[in-house]
Amino acid sequence: MMAKFFRALGDPARLRLLEFLLHEEHAVGECVTHIGLSQGRVSSHLACLSDCGYVQLRRQGRFAYYRVTDPRVAELVLLARSLAADNAAALAACMRITAPNA
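- As annotated in an unreviewed UniProt entry, the protein carries the name Winged helix-turn-helix transcriptional regulator and is attributed to Amycolatopsis echigonensis.

Okay, here's the thing in structure tokens:
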């Protein structure tokens, strides 16, 4: 379960979406604009984050809005950002984990 929990965060687009949603709710269209991917791709990533319990969907008419479901998610993302910054050189040199699309 833990590996699956972190695997949902392993995609750069999903992580950027999650960071975008940390502080306030956003409509799918706003997420598309922020991330710069097609609406279909963004919706797919949001569905994954929703299925894994990171974000919650709220519908209002034709619009779908997403927000982070648990404040601990923000704590986790901020801690990960700090750890990554502190270990940037080691992460950059790591040859066992490649960058996406590499």
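1. Side note on the side chain of R14
- If you trace the backbone, R14 turns up in helix α2 (residues 12–20).
- Of the side chains bearing the opposite charge, D11 lies closest to the buried R14, which forms no salt bridge; the N-O distance is 4.4 Å.
- Looking at R14, its side chain comes within polar contact range of the side chain of H45, at 3.4 Å.
- Non-local contacts of R14, meaning those with residues more than four positions away in its chain, are made with R7, A8, H45, C48 and L49.

2. Side note on the sheet that holds strand β3 (residues 63–68)
- One open sheet holds the 3 strands; their spatial order is β1-β3-β2, and the pairing between them is antiparallel. In this open sheet, the two strands that pair with only one neighbour each are β1 (26–27) and β2 (55–60).

3. What about a nonpolar patch on the surface?
- Nonpolar side chains collect at one region of the surface, where M2, F5 and F6 lie side by side and expose about 310 Å² of accessible area between them.
- The exposure class of M2 is exposed, given its relative accessible area of 57%.

4. Here's the deal with the packing of α2 against helix α4 (residues 39–51)
- Contact geometry of α2 with α4 gives a least axis separation of 10 Å together with a crossing angle of 75°. Accordingly, the angle class assigned to the pair α2 and α4 is roughly perpendicular. Contacts between α2 and α4 pair A13, R14, L17 and L18 from the former with V42, H45, L46, C48 and L49 from the latter.
- Of the residues assigned to the contact of α2 with α4, the class counts are 7 nonpolar, 1 polar and 1 charged.

5. Here we look at the pairing of β2
- Strand direction decides the pairing type here: β2 and β3, joined by 6 bridges, are antiparallel. Within β3, the residue paired with Q60 across the bridge is F63.
- Taking the residues between adjacent antiparallel strands as the criterion, β2 and β3 are bridged by 2 residues, where G61 takes a positive phi near 65°.

6. Structural notes on the nonpolar core
- Grouped together as the largest cluster of nonpolar side chains are 22 residues, with contacts concentrated most on L18, L46 and Y54.
- Looking at this core, the element that brings in the most residues is helix α3 (residues 28–35), giving 4 residues.
- Once you skip the residues sitting within four places of it in the chain, L46 turns out to touch L17, L21, V28, C31, V55 and Y66.

7. Thoughts on the UniProt feature "domain: HTH arsR-type" (unreviewed entry) in the protein
- The UniProt entry lists residues 1–88 under the feature "domain: HTH arsR-type" (unreviewed entry), expressed in the numbering used here.
- For residues 1–88, helix accounts for 60% and strand for 16%, while the C-alpha atoms at its two ends are 27 Å apart.

8. Looking at α3
- When we look at burial in α3, the residues that qualify are V28, C31, V32 and I35. An end-on view of α3 places all buried positions within 100° of arc, on one side of the element.
- Buried positions along α3 lie against α2, β1, α4 and β3.

Quick notes on the rules
Residues numbered from 1 in each chain as written. Predicted model: local features only at pLDDT ≥ 70, side-chain atom pairs only at ≥ 80, totals over all residues. Heavy atoms only, no water. Helix = DSSP H or I, 4+ residues; strand = E, 2+ residues; numbered from the N terminus. Buried < 20%, exposed > 50% of the residue type's maximum accessible area, 1.4 Å probe, protein only. Lys, Arg positive; Asp, Glu negative; His and termini not counted. Salt bridge = Lys/Arg side-chain N within 4 Å of Asp/Glu carboxyl O. Polar contact = N/O pair within 3.5 Å; in protein donor to acceptor, adjacent residues only side chain to side chain. Contact = heavy atoms within 4.5 Å. Pairing = 2+ DSSP bridges. Patch = residues over 30% accessible without salt bridge, like charges linked within 9 Å, V, L, I, M, F, W, Y side chains within 5 Å. Areas by Shrake-Rupley, 256 points an atom, 1.4 Å probe, with all protein chains shown as cover. Axes fitted to C-alpha atoms, helices over the stretch in contact; angles between N-to-C directions. Parallel < 35°, antiparallel > 145°, perpendicular 65-115°, else oblique. Nonpolar A, V, L, I, M, F, W, Y, C, P; charged D, E, K, R; others polar. Core = buried A, V, L, I, M, F, W, Y, C linked by side-chain atoms within 4.5 Å. UniProt positions renumbered as here; feature names shortened; annotations may be inferred. Arc of directions from axis to C-beta.

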